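Fold and geometry: a report
Spelled out from the first residue to the last, the chains are:
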Amino acid sequence: MIVKQCVLAVALFLQIYSVASQEIPSLPTIFSDKFKFGFGGLNDQVVRKGLADSSSPIFKIVTTQSNILSVNCFYPRQVQPNQADFKWDQCAPLLAYTKQFPEKTLRGHALLWPSNPKNNLEWLLVDANGKKVDREEAIKRLRTHIQTIVGRYKGQFQYWDVLNEVIDPNQSDGIRASLWKDIIGPQFIEIAFSAAREADPKAKLFYNDFNEWRPKKREMIYALVKHLKSKGLIDGLGLQQHVTLTEPTAIELDRAISRFAELGVEIHVTELDVEVNRDGRYTELTAELDQQLAKRYKELFGIYLKYAGQITAVMTFNVTDASSWLRYHPKPHLTWPLLFDAQGKPKAAFWAIADR
Ligand code: GLA
């Protein structure tokens, strides 16, 4: 009897050990004939710490589960907190990681962010006496900001989000109100793109936005990208894809991507996550919720795969549930929006999309 129990215990241990040490399939390999796969939002305390430690689950996940990374250490307030200074230290940890993997494609995020006053560089537009600079000076400052960053990393970053979230459906011209718009006019958008183009003619330049499936916004984004494309200033459109279990519907999303596909530019899904607990009803990821999330990821990837070729990359924001920004947005709450749980274990959603 004792011998039998010992044999059973050893068998159980071996089984658990082999599951724990089992390599999980690599999503970039699974999607290799469709699009690149990877992560955005890496400039997060938990992720940075993980990437600095090659034995951590985060290091392992990012290393084995990505062939593209969106490096978000270029938020304007961090790079140029005042007119005189450019700061690069915040990029050091991420660049120390990416340097070890030169085969991974890099996107830089984001050079100007008009919906976020803290990140819209408006401090460059007012002099020490509170007086607004003139148009010529504003253009000069915008160009300097963009060219200093893109020029510094010329050849290293294949993609740049030049502009993040400039569309505002509540404006009649669709362009968000800002000091840039006041002083330069909506042409500040073209000026930003052409400054980036001059600084690195080989880099692919993107426009990136959220709620991109909502019809009014969708059409405004479409018109902006079409205009920039007609001037040869843009190469792609970033769809953030901060979605929920129900919004957008599969039909709305398909309609939006099919509309954007008409533009003939590359499309990246740049910041995918699925909010499952906005109202804070759940205190844990129940088996049922886990399954709903898996079903939703399967549905989303079904649509992305349909547009493979036009969609050239898909990235989640960021790596595991532990460090998702949604846990603080719009207020602190538990949620489980990603493919890997807080410990870095693949969830049902991972297996749902890995199973093609
Ligand atoms: C937007 C930005 C991201 C990130 C999130 C969360 O989606 O594009 O870079 O900052 O907001 O703050």
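Residues numbered from 1 in each chain as written. Predicted model: local features only at pLDDT ≥ 70, side-chain atom pairs only at ≥ 80, totals over all residues. Heavy atoms only, no water.

1. So, the overall build of the chain
A tally of regular secondary structure across the chain gives 13 helices and nine strands. Along the first, second and third principal axes, the C-alpha set of the chain runs to 90 × 40 × 40 Å. Sorting the 356 residues of the chain into buried and exposed places 53% on the buried side. Taking as baseline every contact in the chain between residues at least 6 positions apart, the subset at least 24 positions apart corresponds to 78%. One way to put it: in the chain the 45 positive side-chain charges average out to a point 2 Å from where the 40 negative ones average out. (Helix = DSSP H or I, 4+ residues; strand = E, 2+ residues; numbered from the N terminus. Buried < 20%, exposed > 50% of the residue type's maximum accessible area, 1.4 Å probe, protein only. Contact = heavy atoms within 4.5 Å. Lys, Arg positive; Asp, Glu negative; His and termini not counted. Charge placed at Lys NZ, Arg CZ, Asp CG, Glu CD.)

2. A closer look at helix α9 (residues 188–199)
With twelve residues, α9 should reach 16 Å at 1.5 Å per residue; the first-to-last C-alpha distance of 17 Å fits that figure. Of all the twelve residues making up α9, nine are buried; the element is thus mostly covered by neighbouring parts of the structure. Along α9, the residues classified as buried are F188, I189, I191, A192, F193, A195, A196, R197 and A199. In this fold, the buried residues of α9 make contact with β3 (105–112), α7 (135–152), β4 (159–164), α8 (179–184), β5 (204–209) and α10 (215–230). (Expected span 1.5 Å × (residues − 1).)

3. Section: the confidence of the model for the chain
Per-residue confidence for the chain gives a mean pLDDT of 93, with 94% of residues at or over 70. Scored below 50 in pLDDT, residues 6–21 shows zero contacts in the model against residues more than four places distant or in partner chains. (pLDDT = per-residue confidence, 0-100.)

4. Topic: the pattern of salt bridges
Across all of its chains, the model carries 19 salt bridges by this definition. Residue D254 is joined to K306 by a salt bridge in which the shortest nitrogen-to-oxygen separation is 2.6 Å. Here D254 is found in helix α11 (residues 250–261), whereas its partner K306 is found in helix α12 (residues 287–306), with 52 residues between them in sequence. E262 is paired through a salt bridge with R259; the nearest N and O atoms lie 2.7 Å apart. For R259, a relative accessible area of 22% corresponds to the partly exposed category. (Salt bridge = Lys/Arg side-chain N within 4 Å of Asp/Glu carboxyl O.)

5. Points about helix α6 (residues 92–99)
When α6 is considered as a whole, its buried residues turn out to be L94, L95, Y97 and T98. One face of α6 carries all of its buried residues, which in axial projection span an arc of 155°. At its buried positions, α6 is contacted by α3 (45–51), α4 (57–64), β2 (68–71) and β3. (Arc of directions from axis to C-beta.)

6. Here we look at the packing of aromatic side chains
Counted according to the given criterion, the structure contains 23 aromatic pairs. Here F31 and F35 contribute two aromatic rings whose centre-to-centre distance is 5.2 Å and whose plane-to-plane angle is 40°, an arrangement assigned as tilted. Centre to centre, the rings of Y153 and F157 are 5.4 Å apart; their planes meet at 70°, and the pair counts as edge-to-face. Judged by its relative accessible area of 4%, Y153 is buried. Grouped by ring-pair contacts, the aromatic residues F31, F35, F37, F39, Y297, F301 and Y304 constitute a single cluster. For the cation-ring pair, K217 lies above F210, with the distance from its terminal atom to the ring centre recorded as 3.5 Å. (Phe/Tyr/Trp six-rings, centres within 6.5 Å; stacked < 30°, edge-to-face > 60°. Lys NZ or Arg CZ within 6 Å of the ring centre and 35° of its normal.)

7. Comments concerning the packing of α9 against α10
Between two packed helices, the angle of one axis relative to the other and the distance separating the axes together describe the packing. Viewed as axis vectors pointing N to C, α9 and α10 meet at an angle of 50°, and their least axial separation amounts to 11 Å. With respect to each other, α9 and α10 are oriented oblique. For the pair α9 and α10, the crossing hand works out as right-handed. Taken together, the residues of α10 that come into contact with α9 (itself represented by I189, E190 and F193) are L224, H227 and L228. Within the contact of α9 with α10, the residues separate by chemical class into four nonpolar, one polar and one charged. (Axes fitted to C-alpha atoms, helices over the stretch in contact; angles between N-to-C directions. Parallel < 35°, antiparallel > 145°, perpendicular 65-115°, else oblique. Left-handed = near helix turned anticlockwise from the far one by under 90°. Nonpolar A, V, L, I, M, F, W, Y, C, P; charged D, E, K, R; others polar.)

8. Details of the pairing of β2
Here β2 shows a buried face lined by I68 and S70 and a second buried face lined by L69 and V71. Sheet topology places strand β1 (residues 36–40) next to β2; two bridges connect them, and they run parallel. Opposite G38, over in β2, you have I68 as the bridge partner. Sheet topology places β2 next to β3; four bridges connect them, and they run parallel. (Pairing = 2+ DSSP bridges.)

9. Structural notes on the nonpolar core
Counting residues in each nonpolar core, the largest one holds 105 residues, and the members touching the most others are F74, W160, F193, Y207, Y297, F301 and Y304. Excluding anything up to four places from it in sequence, Y304 contacts F35, Q241, L253, I257, V269, L272, I311 and V314. Formed by five residues, the second largest nonpolar core is a distinct cluster that contains I68, Y159, F206 and M315. (Core = buried A, V, L, I, M, F, W, Y, C linked by side-chain atoms within 4.5 Å.)

10. So, the packing of α10 against α11
Direction vectors running N to C along α10 and α11 enclose 15°, while the axes themselves pass 10 Å from each other. What the angle tells us is that α10 and α11 run roughly parallel. Handedness of the α10/α11 crossing: right-handed. Here α10 contributes R218, E219, I221 and Y222 to the contact with α11, which in turn contributes R255, A256, R259 and F260. Its residues placed into classes, the contact of α10 with α11 shows four nonpolar, no polar and four charged.

11. With respect to the site of the ligand
Y75, H109, W113, N164, E165, Q240, H242, E271, F317 and W325 make up every residue found near the ligand. At 2.5 Å, a side-chain N or O of E271 approaches an oxygen atom of the ligand. In the complex, 84% of the free accessible area of the ligand, which totals 300 Å², lies under the protein chains. In the shell around the ligand, the residues fall into four nonpolar, four polar and two charged. (Near = heavy atom within 4 Å. Polar contact = N/O pair within 3.5 Å; in protein donor to acceptor, adjacent residues only side chain to side chain. Areas by Shrake-Rupley, 256 points an atom, 1.4 Å probe, with all protein chains shown as cover.)

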